[in-house]
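Residue-level structural notes
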Amino acid sequence: METWITVYAIVMLILGLYAIINTLLNLLSSRRLGKGEIRTEGPLISIVIPVRNEENNISRLLDSLIAQDYRNIEILIINDQSTDRTEEIIRKYEAKDSRITIYATDAKLSLHKNGKINALLQLIPHAKGEYIIATDADTVHAANCISNAYSLMTRNKLDIISGLPQEICSSYFGSVCMSAMMLTYVLIPQWFIYRFPIPAASFAIGQFIMMRKDAYDETGGYEKIKGSICDDIGIVRLFVQQKKKYAFLDFSKYSSCYMYRTGMESFHGIERSIAGAIPLRLISIIPIAVVVILLLHAAISPLISIILLAARPSGYAIMLAAGTVLFMAAWYIGCKSTRWRKRVSISSPLTMLLIILMYLDSFIRSISGKGFEWKGRIIH
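Remember, it's a predicted structure, so these values are computed and weren't measured experimentally.

Attention now moves to the packing of helix α2 (residues 58–66) against helix α3 (residues 86–96). In contact at an axis separation of 10 Å, α2 and α3 are set at 20° when each is read in the N-to-C sense. When the axes of α2 and α3 are compared, the pair comes out roughly parallel. In the packing of α2 onto α3, the handedness of the crossing is right-handed. Contacts between α2 and α3 involve I58, S59, L62, D63 and I66 on the former and, on the latter, I89, I90 and Y93. Across the contact of α2 with α3, the residue classes tally to six nonpolar, one polar and one charged.

What follows is the structure in structure tokens.
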């Protein structure tokens, strides 16, 4: 027991130190890349939006895009067999703004088993811009979002960017599930990967991905990520594998998303992303086991620290408590910088437990053939 506590305390202290240093370096790197002149004029930028039954969201998105201070844009929407008022709403916007064009997916044309990728493959050939922005119907963009993204890309000579939007959910449980995204900022060294790209550690979030069209064509685009559960992670890792320059940033000032309404929607939606980010393969079993153990230790360390300090405040108990405080501080700083509510920012132990449960459930879904649902469709 004494040996386990000693090892636990040392590991937790190292994890806490790493998390706080890495989070601060990621924030500094994101701010440094974002500094510079903002350009509101430039080449045509194509915004591509696949939609399926989005009558409750699409107006907010289109209103935010029409109001962009970067005016040279085309807004291309593909209606993926919606059964609600989505198309009717878009048609009204199309009639008012010549930059908006709506298309429909060909139900007989299956270019990819993932419905969203299939829709994007049918839509992107219509894009005429030098840059492509892929976004989702449940997202809203600040008026300076595109100008900032374009300026950042050109200033830093990047081929693809994505980042953390502000995630909005009325459910506390749902918000805590979604805050699992913060692992990409607290534990993944984005500042290092920007300089030394690592495909397996590269991430994107589908609410905002901006790509150079030439680079997209050179990589083969979504056509080359057949079998990918997550379109966003799949496309950015394809770019990085082909030596394209990438950055993952804090985008919470520029984009916000109403992705999930309920806790269970959030749980199952985020577990799909986790399964796509960390696919279970024979070669990855040991690293995954290590990550799960670390997350479990981070989840229970506050309780263990309190028990040990109350029973016997030894040096290792203090070390464990220090590591716990550092890790929770890193999580809090990362969450607050990306505009999570305070009660979500201090819920890292619960988030760690939910990440483990989501990964276990995703593993069961994968091996059972049950698959994951996206917009009423099953993805395997």
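The subject of this paragraph is the pairing of strand β4 (residues 131–134). Burial of β4 is two-sided: the residues Y131 and I133 facing one way and the residues I132 and A134 facing the other way are all buried. Where strand β1 (residues 45–51) lies against β4, four bridges are found, and the strand directions are parallel. Directly across from I47, in β4, lies its bridge partner I133. With four bridges joining them, β4 and strand β8 (residues 209–212) adopt antiparallel strand pairing. From the neighbouring strand, I132 faces β8, where its bridge partner is M211.

For an α-helix, 3.6 residues make a turn, and residues three or four places apart therefore share a direction. With nine of eleven residues buried, helix α5 (residues 145–155) is to be regarded as a mostly interior element. Buried within α5 are the following residues: C145, I146, S147, N148, A149, Y150, S151, L152 and M153. Positive backbone phi, at 55°, marks K157, one or two positions downstream of α5.

Conventions used here
- Residues numbered from 1 in each chain as written.
- Predicted model: local features only at pLDDT ≥ 70, side-chain atom pairs only at ≥ 80, totals over all residues.
- Heavy atoms only, no water.
- Axes fitted to C-alpha atoms, helices over the stretch in contact; angles between N-to-C directions.
- Helix = DSSP H or I, 4+ residues; strand = E, 2+ residues; numbered from the N terminus.
- Parallel < 35°, antiparallel > 145°, perpendicular 65-115°, else oblique.
- Left-handed = near helix turned anticlockwise from the far one by under 90°.
- Contact = heavy atoms within 4.5 Å.
- Nonpolar A, V, L, I, M, F, W, Y, C, P; charged D, E, K, R; others polar.
- Buried < 20%, exposed > 50% of the residue type's maximum accessible area, 1.4 Å probe, protein only.
- Pairing = 2+ DSSP bridges.

Interpretation note: all reported values are geometric properties and have no functional meaning in isolation.
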